[in-house]
Amino acid sequence: MTVSYEHRVLFKHEGPLDMEVLPQIVRQFERLLADGGARPPVRRRILNTLIELTQNIIHYGVKDDQFPPYIGLSREGQHITLTTRNLVYYSQELFLHSYLQNLLQMSKEELEALHHSTLTTGSYSDSGGANLGFVQIISKADDFSYEISSANQNYSWFTVKVSFVI
Amino acid sequence: MSDLSVSDNLIIEPTFTTPAIRFEPEKRTFSISGNSYPENSLKFYSPILQWLENFVLRHTPDAHPINVEVRMEYFNTSTAKVLLDLFRLFESLYEKGQPVIVRWIYNKEDTEMEDAGLDYQAAVKMSFELVPIDEEES
């Protein structure tokens, strides 16, 4: 885990992720964003996004010591970008593509309506999730993109970039 | 936790990923505060929901309001859903004739938390107050 104030990369972590590591990263992000002058609502959006993406990796990502997950935070002018990358099974690719493409085609209003209906009438997943993570992330982000690329015969890399204007 | 009576308090100390829970029926105060992003929100909150269901079932309504204070820091989307389940349990008390006042306390500069509070306010029928505070003064 490294933290730098001089470079465009503010933070990067490449290694195992679990619920012991996540609070440490949250604390570092809080400090970096406060020092960087991010307003409270923007800090909240970034921290909430970090928590959702990291918990997705903890719950659904492939755990392989040779291919550890990555979390990065970078700044360019008034834009802060949070990047995560983790392994997924080939079998998860199709679901991720179709699910995210569907969300990305929605307007902010449609995403907010989906968020509201899932919050008020949806059910919990087996891991206790609310199926709201990406809905919230995409509706709150100033820019969202993802990429799925081959890692080896069994796995793919799933990379998510979420940007915010601070 | 299942053998608690309704007059018992439910007190859970906070961690960095779970909130402080202070449900004190005798004082008429029920508060939740802090971070909430446990690995499995449903697992963490199930005993709390169960305790509150038990309280709702056994509580006889009276004129003294029940005060619910919620002051969250960072919380994940599954917690957002559990909070609504908690509010609905308090709402069932209200529907039994018990005055219930919920206060959603947040940093006045944090419009995201204000919006979250407005969503909950629109989803319930009981008194749900948004309470912006100046965190530097509190």
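Engineer: Would you take a moment to explain the packing of aromatic side chains for this structure?
Structural biologist: Aromatic ring pairs: the centre-centre distance and the angle between the two ring planes describe each pair. All names here are of chain B. Within this structure, the stated rule accounts for 21 aromatic pairs over all chains. Seen from their ring centres, F23 and W51 are 5.6 Å apart, and the 50° between their planes marks the pair as tilted. Within this pair, whereas F23 is found in strand β2 (residues 20-24), its partner W51 is found in helix α1 (residues 41-58), the two being separated by 28 residues in sequence. With respect to burial, F23 and W51 carry one shared label: buried. Aromatic pair F30 and F90: ring centres 5.4 Å apart, planes at 80°, arrangement edge-to-face. Of the two residues, F30 sits in strand β3 (residues 29-36) while F90 sits in helix α2 (residues 77-95), which places them 60 residues apart along the sequence. Judged by its relative accessible area of 1%, F30 is buried. An aromatic cluster is defined as three or more aromatic residues linked by ring pairs; in this entry it consists of F23, F30, W51, F55 and F90.

Engineer: Would you mind going over the sheet that holds strand β1 (residues 10-12) of chain B with me for this structure?
Structural biologist: Strands belonging to one sheet form pairs held by backbone hydrogen bonds; the direction of such a pair is parallel or antiparallel. Residue and element names in this part refer to chain B. Strand order in the open sheet formed by 6 strands is β1-β2-β3-β4-β5-β6, with mixed pairing between adjacent strands. The strands lining the two open edges of the sheet, one partner per strand, are β1 and β6 (127-133). In this sheet, neighbouring strand axes are inclined to one another by 15° on average, regardless of whether the strands run parallel or antiparallel. Relative to β6, strand β5 (residues 100-107) runs parallel, the two being bridged by 7 bridges. Its bridge partner lying in β6, V102 is registered against F128.

Engineer: Help me understand unusual backbone geometry, please; the structure alone is not making it clear to me.
Structural biologist: Backbone geometry follows two general trends: most residues other than glycine have a negative phi, and most peptide bonds adopt the trans configuration. Unlike most non-glycine residues, R28(B) shows phi in positive territory, near 70°. Position of R28(B) among the secondary structure elements: in the loop between β2 and β3.

Engineer: Would you mind going over a negative patch on the surface with me for this structure?
Structural biologist: Residues E109(A), E110(A), E112(A), D115(B) and D119(B) make up a contiguous surface patch of negative charge. Looking at the negative patch, the elements that each hand over two or more residues are α4 (108-121) of chain A together with α3 (111-123) of chain B. Position of E112(A) relative to the elements: it lies in helix α4.

Engineer: Got a minute to help me understand the pattern of salt bridges in this structure?
Structural biologist: If charged atoms from side chains of opposite charge come close, those side chains can pair. According to the stated counting rule, one finds 11 salt bridges over all chains in the structure shown. The salt bridge partner of K27(B) is E24(B), with a shortest N-O separation of 3.4 Å. Two residues, R28(B) and D62(B), come together in a salt bridge whose shortest N-O distance is 2.4 Å. Separated by 34 residues along the polypeptide, R28(B) in the loop between β2 and β3 and D62(B) in the loop between α1 and β4 (66-75) bring together distant segments of the chain. For R28(B), a relative accessible area of 17% gives the class buried. Through salt bridges with shared partners, a single ionic network connects R45(A), K140(A) and E112(B).

Engineer: Explanation requested: the packing of helix α1 (residues 21-35) of chain A against helix α2 (residues 40-60) of chain A in the structure shown.
Structural biologist: When two helices pack together, their arrangement is given by the angle between their axes and by how far apart the axes lie. Residue and element names in this part refer to chain A. Axis separation between α1 and α2 bottoms out at 10 Å; the angle between their running directions is 160°. In terms of axis orientation, α1 runs roughly antiparallel to α2. Handedness of the α1/α2 crossing: right-handed. For the pair α1 and α2, the contacting residues are L22, I25, V26, F29, E30, L33 and A34 in the first and R43, I46, L47, L50, I51, T54 and Q55 in the second.

Engineer: Which parts of the structure should I look at to understand the interface of chain A and chain B?
Structural biologist: As a measure of interface size, the accessible area lost when the parts come together is often cited. With 34 residues of chain A at the interface, the matching set in chain B holds 28 residues. When the two sides are added together, the surface that chain A and chain B hide from each other amounts to roughly 2,700 Å², 58% of it contributed by carbon and sulfur. Among the residues of chain A in contact with chain B, R44(A), L119(A) and Y124(A) are the three that bury the most area, contributing 27% of the side total. Seen at the junction of chain A and chain B, the total is 3 salt bridges. Note that R45(A) is salt-bridged to E112(B), the shortest N-O span being 2.9 Å. Where chain A meets chain B, there are 12 residue pairs in polar contact (both at pLDDT 80 or more). No other element matches the 12 residues that α2(A) contributes to the side of chain A that touches chain B.

Rules behind the numbers
Residues numbered from 1 in each chain as written. Chains lettered and ligands numbered in written order. Predicted model: local features only at pLDDT ≥ 70, side-chain atom pairs only at ≥ 80, totals over all residues. Heavy atoms only, no water. Phe/Tyr/Trp six-rings, centres within 6.5 Å; stacked < 30°, edge-to-face > 60°. Helix = DSSP H or I, 4+ residues; strand = E, 2+ residues; numbered from the N terminus. Buried < 20%, exposed > 50% of the residue type's maximum accessible area, 1.4 Å probe, protein only. Pairing = 2+ DSSP bridges. Axes fitted to C-alpha atoms, helices over the stretch in contact; angles between N-to-C directions. Patch = residues over 30% accessible without salt bridge, like charges linked within 9 Å, V, L, I, M, F, W, Y side chains within 5 Å. Areas by Shrake-Rupley, 256 points an atom, 1.4 Å probe, with all protein chains shown as cover. Salt bridge = Lys/Arg side-chain N within 4 Å of Asp/Glu carboxyl O. Lys, Arg positive; Asp, Glu negative; His and termini not counted. Charge placed at Lys NZ, Arg CZ, Asp CG, Glu CD. Parallel < 35°, antiparallel > 145°, perpendicular 65-115°, else oblique. Left-handed = near helix turned anticlockwise from the far one by under 90°. Contact = heavy atoms within 4.5 Å. Buried area = accessible area lost by both parts, 1.4 Å probe. Polar contact = N/O pair within 3.5 Å; in protein donor to acceptor, adjacent residues only side chain to side chain.

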